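# Tertiary structure, described
Take a look at the letters that make up each chain.
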Amino acid sequence: MEFKEVLYSRRSTRSFTDRPVSREEIDALLDAAINAPSACNMQSWHFYVVTDECVKKRFAEEGVCAAWVCTAPVIFVVCTDGQDIISRFGERAERLFVIQDTAAACENMLLTAVDMGLGGCWIGSFNEEKCAEILSIPQSRRVAALIPIGQPSQHTPSRGRKPLSDAVTYI
Ligand SMILES: Cc1cc2nc3c(=O)[nH]c(=O)nc-3n(C[C@H](O)[C@H](O)[C@H](O)COP(=O)(O)O)c2cc1C
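Residues numbered from 1 in each chain as written. Predicted model: local features only at pLDDT ≥ 70, side-chain atom pairs only at ≥ 80, totals over all residues. Heavy atoms only, no water.

## Let's talk about helix α6 (residues 128–135)
An α-helical turn contains 3.6 residues, so a residue and the one three or four places further along point in the same direction. Here is the rule we go by: Note on classification: 1.4 Å probe, protein chains only; a residue is buried when its accessible area is under 20% of the maximum for its type, exposed when over 50%, partly exposed between these limits. Put simply, DSSP marks the helices as runs of H or I at least four residues long and the strands as runs of E at least two long, and each gets a number from the N terminus on. Note that the arc is computed from the directions linking the helix axis to the C-beta atoms. Contacts were defined at the residue level, with two residues in contact if any of their heavy atoms lie within 4.5 Å.
Every buried residue of α6 is listed here: Cys-131, Ala-132, Ile-134 and Leu-135. Along α6, the residues classed as buried sweep out an arc of 165° about the axis, all on the same side. For α6, the exposed residues lying more than 90 degrees away from the buried face are Glu-129 and Glu-133. Buried residues belonging to α6 abut β1 (45–50), α3 (53–61), β2 (74–81) and β4 (141–150). Remark: Ser-136 follows α6 within two positions and exhibits a positive phi of approximately 55°.

Written as structure tokens, this is what we have:
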């Protein structure tokens with residue numbers, strides 16, 4: 001797919017078909033994620049790949065996230081892993097770099113999903129503590145986002161955007 005087509009056809013996908021996402025597709029999505037830019041190339045991220053139906057069921061039943069998220073064949077749990085970069089750069093790394101690193105990785109995954117005929121959604125509202133508990137995520141990592149990915153079951157129209165002039169100041 002042409003880059004512009006990928007960029008402009010991406011939508012937040014919130015309903016999925018039953019088609020599984022293969023291990024090769026999962027690996028391609030993770031490879032796209034780790035090819036994102038990161039502060040000092042320190043790659044302050046870690047990814048948990050949830051395909052286990054029992055774990056997804058727990059996510060839904062124990063209120064980690066909305067039930068529809070757990071209908072995706074795969075949920076990427078994107079975490080910061082910032083001990084090294086924080087010890088090097090301090091507060092700015094803790095408050096900004098680890099978030100920016102993981103955000104860039106998330107967008108790479110979502111765009112790559114589109115290129116593969118898949119779709120996904122960036123989930124920022126979820127029960128972070130419960131998610132960390134279920135997956136036994138150490139305290140040194142913070143769960144930044146959930147990215148459910150699968151084959152879209154319906155077309156999602158564009159949500160539109162504010163005019164560019166609202167978002168830009170030319171100096
Ligand atoms: C940081 C962030 C957090 C988000 N959190 C959620 C969320 O918790 N639940 C959800 O359904 N969508 C979430 N979204 C997706 C947005 O709602 C969506 O990107 C926005 O409405 C624009 O729609 P589009 O992605 O289809 O262009 C989030 C997106 C971002 C970037």
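## A short note on a nonpolar patch on the surface
We apply this condition: Residues forming no salt bridge and having over 30% relative accessible area are the ones grouped into patches, like charges within 9 Å of each other and nonpolar side chains (Val, Leu, Ile, Met, Phe, Trp, Tyr) within 5 Å. All accessible-area figures derive from a Shrake-Rupley calculation using a 1.4 Å probe, and residue coverage is judged against the displayed protein chains alone. By salt bridge we mean one thing: a side-chain nitrogen of Lys or Arg within 4 Å of a carboxyl oxygen of Asp or Glu.
The grouping of Phe-3, Leu-7 and Tyr-8 at the surface amounts to a nonpolar patch, some 360 Å² of accessible area in total. As for its position among the elements, Tyr-8 is in helix α1 (residues 3–9).

## Things to note about the layout of surface pockets
The condition is simple: Cavities and pockets were defined on a 1 Å grid built over protein atoms only: a cavity is a set of grid points that admits a 1.4 Å probe from which the probe cannot escape, a pocket is an open set flanked by protein on both sides within 12 Å along at least five of seven lines, and lining residues are those with an atom within 4 Å of any such point. Grid points are joined across faces, edges and corners, and a volume is the space filled by probe spheres set on the points. We call Asp, Glu, Lys and Arg charged. Ala, Val, Leu, Ile, Met, Phe, Trp, Tyr, Cys and Pro are nonpolar, and the rest, Gly among them, are polar.
What the largest pocket holds in volume is close to 390 Å³. Arg-10, Arg-11, Ser-12, Arg-159 and Arg-161 are the residues nearest the centre of the largest pocket, which is lined by 13 residues in total. Going through the elements one at a time, α1 and α5 (91–115) are the ones with two or more residues in the lining of the largest pocket. Here the lining of the largest pocket is composed, by residue class, of 4 nonpolar, 3 polar and 6 charged. The calculated volume of the second largest pocket comes to roughly 220 Å³.

## Some points on the nonpolar core
We apply this condition: Among buried residues, the Ala, Val, Leu, Ile, Met, Phe, Trp, Tyr and Cys ones that are joined through side-chain atoms within 4.5 Å form a nonpolar core.
By size, the foremost hydrophobic cluster in this structure holds 21 residues, and its most contacted members are Phe-47, Phe-76, Val-78, Met-109, Ile-147 and Ile-149. Going through the elements one at a time, α2 (23–34), β1, β2, α5 and β4 are the ones with two or more residues in this core. By residue number, the principal contributor to this core is α5, which donates 6 residues. Excluding its chain neighbours within four sequence positions, the residues that come into contact with Ile-149 are Phe-16, Val-21, Leu-29, Ala-72, Pro-73, Val-74, Phe-76, Met-109, Ala-113, Leu-118, Gly-119 and Gly-120. By size, the runner-up hydrophobic cluster in this structure holds 20 residues, among which are Ile-75, Cys-79, Cys-121 and Cys-131.

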